[in-house]
Amino acid sequence: MGISSRVFSIDQNEQYNLSTERVVLFIVSSTGEGDPPDSCLKFQRNLRSKTLPPHHFSHLHYTLLGLGDTNYQTYQGYPKKLDARLSELGAKKFYPRGEVDEAIGIEEQIEKWVQGLWPSLKEILKKVDFPSAVDDSMPEPKPPSPKPDLKLALPKSPPCRCSITFDPKIQLLENLQVREQHFRKDNPFYSKLIGARWLTHSEAVKGVIELELDLSTNLKNELVFKVGDSIGIPCPNNPIEVEKIITRLNLTSVQDIPFRLEPKKDIPRDTLPSWIPSASTIKFVFSNLLDLSSPPQKAFLRVLADNTSNSEEKQKLLYLLSLIHISEPTRPY
């Protein structure tokens with residue numbers, strides 16, 4: 001399905017006129033505390049005019065894709081305001097508003113929203129007597145599917161840098177032992193959580209919790225911090241998810257047996273993951289030291305593809321890896 005369209009920045013108001021447009025797709029984001037971006041300021045001032053009658057946009061059919069980030073308090077602030085104001089002025093929404101969260105990646109969310117957009121857009125264009133805007137001779141866009149003979153652009157398989165040895169006799173360090181005076185991701189300061197309370201209302205767009213940590217542990221040197229420092233809190237992974245992953249990897253029988261990581265020949269020890277102790281257990285590492293909710297990186301996808309025996313799953317993994325490699329060729333690997 002081909003669609004004839006025009007694309008404008010919202011501040012190019014001399015090139016379009018919403019008073020005469022029939023079908024419009026808005027793509028907007030927020031700044032600050034849910035405010036419109038600079039390019040939307042003039043548009044928003046005009047839209048808020050009290051002289052506009054309730055039926056001002058009764059001729060307009062629209063949908064809206066909001067770009068946001070849940071790390072901010074007023075997530076989707078302006079997209080929601082714009083949606084509400086257009087509705088107040090009589091505009092009709094022909095497809096549900098989309099919400100994209102940059103904190104979890106935008107591509108997959110946009111693709112999912114766009115897949116449902118095309119048939120709705122085709123229907124509304126014909127409904128408002130714009131059949132010439134739709135070319136039925138072109139097929140509707142569909143997500144590409146992997147083919148067995150597809151030539152893929154793939155990064156090289158990552159080299160194996162270390163070996164793992166399981167031995168019940170390996171002595172483990174105490175988990176809460178402070179190894180150095182400098183606290184980093186690979187050498188955290190362990191503290192007990194002694195208090196927590198909500199600072200926001202239960203119906204707030206994004207909840208904020210005040211956490212109270214016990215910093216009374218005797219240290220060789222005082223825990224020093226200054227204004228502007230940030231504190232990261234690594235939380236344990238969900239035990240159910242950890243158990244499923246360990247089971248899927250066939251590591252259940254060795255999950256509690258101490259292991260030691262050793263670099264392969266000619267591989268410097270400092271290239272091994274610094275946040276994983278040289279002696280630990282599979283269960284402890286998966287529970288406390290790995291971010292199981294983060295998007296997989298290219299190296300991880302390649303290792304999965306190289307080690308799966310299912311040809312269909314292998315092809316899908318390689319296809320996904322190829323898309324990422326093409327779109328992010330300079331991303332660290």
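Computed from a prediction, not measured in an experiment: that's the story for all the values here.

**Some thoughts on the overall build of the protein**
Summing up its helical and strand segments, the protein has seven helices and 11 strands in all. A buried classification covers 26% of the 333 residues belonging to the protein. Total accessible area computed for the protein in this model is approximately 23,600 Å², and 54% of it derives from carbon and sulfur atoms.

**Brief notes about helix H3 (residues 107-127)**
Its 21 residues place the ends of H3 30 Å apart at the C-alpha level, agreeing with the 30 Å of an ideal helix rising 1.5 Å per residue. Those residues of H3 not exposed but buried are Gln109, Trp113, Leu117, Ser120, Leu121, Ile124 and Leu125.

**Quick word on the environment of serine 29**
Secondary-structure assignment places serine 29 in strand E2 (residues 23-29). Each residue touching serine 29, except ones within four places of it in the same chain, is listed here: Asp35, Pro37, Leu67, Tyr78 and Pro79.

**Thoughts on a nonpolar patch on the surface**
Where nonpolar side chains cluster on the molecular surface, the patch consists of Leu193, Trp198, Ile209, Leu211, Leu213, Leu215, Ile231 and Ile233 and spans about 840 Å² of accessible area. When contributions to the nonpolar patch are tallied by element, the ones reaching two or more residues are strand E8 (193-198) and strand E9 (209-213). The biggest single contributor to the nonpolar patch is E9, with three residues. Among the secondary structure elements, tryptophan 198 is positioned in strand E8. Residue tryptophan 198 is classed as exposed on the basis of its relative accessible area of 58%.

**Some words on the confidence of the model for the protein**
Of all residues in the protein, 81% attain a pLDDT of 70 or more, and the chain-wide mean is 80. The low-confidence segment residues 175-181, where pLDDT is below 50, has 10 contacts with residues more than four positions distant or belonging to other chains. Within the model, the stretch residues 328-333 combines pLDDT values under 50 with 11 contacts to residues more than four positions away or in other chains.

**Some thoughts on the sheet that holds strand E11 (residues 279-280)**
Hydrogen bonds between backbone atoms are what pair the strands of a sheet, whose relative direction is either parallel or antiparallel. Pairing within the open sheet is antiparallel, and its three strands lie in the order E7-E10-E11. Single-partner strands in this sheet number two, and they are strand E7 (162-166) and E11. Inspection of the sheet shows E7 paired to strand E10 (residues 259-263) by five bridges, in the antiparallel sense. Counted as the bridge partner of cysteine 162 is proline 263 from E10.

**As for the nonpolar core**
Ranked by internal contacts, the top residues of the largest apolar core, which has 18 residues, are Leu18, Phe26, Phe43, Leu47, Phe57, Leu82 and Leu86. Elements represented by at least two residues in this core include exactly E2, helix H1 (41-47), strand E3 (61-68) and helix H2 (77-88).

**Focus on the packing of aromatic side chains**
Going through the model one piece at a time under the given rule, you end up with five aromatic pairs. Judged by centre distance (6.3 Å) and plane angle (45 degrees), the ring pair of phenylalanine 26 and phenylalanine 43 falls under tilted. Placement of the pair is phenylalanine 26 in strand E2 and phenylalanine 43 in helix H1, with a sequence separation of 17 residues. Each member of the pair, phenylalanine 26 together with phenylalanine 43, is buried. Ring geometry for tyrosine 95 versus tryptophan 113: centroids 5.4 Å apart, planes at 55 degrees, classification tilted. Residue tyrosine 95 is located in the loop between strand E4 (92-93) and strand E5 (98-101), and its partner tryptophan 113 is located in helix H3; the two are separated by 18 residues in the primary sequence. Given the relative accessible area of 13%, tyrosine 95 is considered buried. Taken together, the aromatic side chains of Phe26, Phe43 and Tyr62 make up a single cluster linked through ring pairs.

Thresholds, definitions, all that
Residues numbered from 1 in each chain as written. Predicted model: local features only at pLDDT ≥ 70, side-chain atom pairs only at ≥ 80, totals over all residues. Heavy atoms only, no water. Helix = DSSP H or I, 4+ residues; strand = E, 2+ residues; numbered from the N terminus. Buried < 20%, exposed > 50% of the residue type's maximum accessible area, 1.4 Å probe, protein only. Areas by Shrake-Rupley, 256 points an atom, 1.4 Å probe, with all protein chains shown as cover. Expected span 1.5 Å × (residues − 1). Contact = heavy atoms within 4.5 Å. Patch = residues over 30% accessible without salt bridge, like charges linked within 9 Å, V, L, I, M, F, W, Y side chains within 5 Å. Salt bridge = Lys/Arg side-chain N within 4 Å of Asp/Glu carboxyl O. pLDDT = per-residue confidence, 0-100. Pairing = 2+ DSSP bridges. Core = buried A, V, L, I, M, F, W, Y, C linked by side-chain atoms within 4.5 Å. Phe/Tyr/Trp six-rings, centres within 6.5 Å; stacked < 30°, edge-to-face > 60°.

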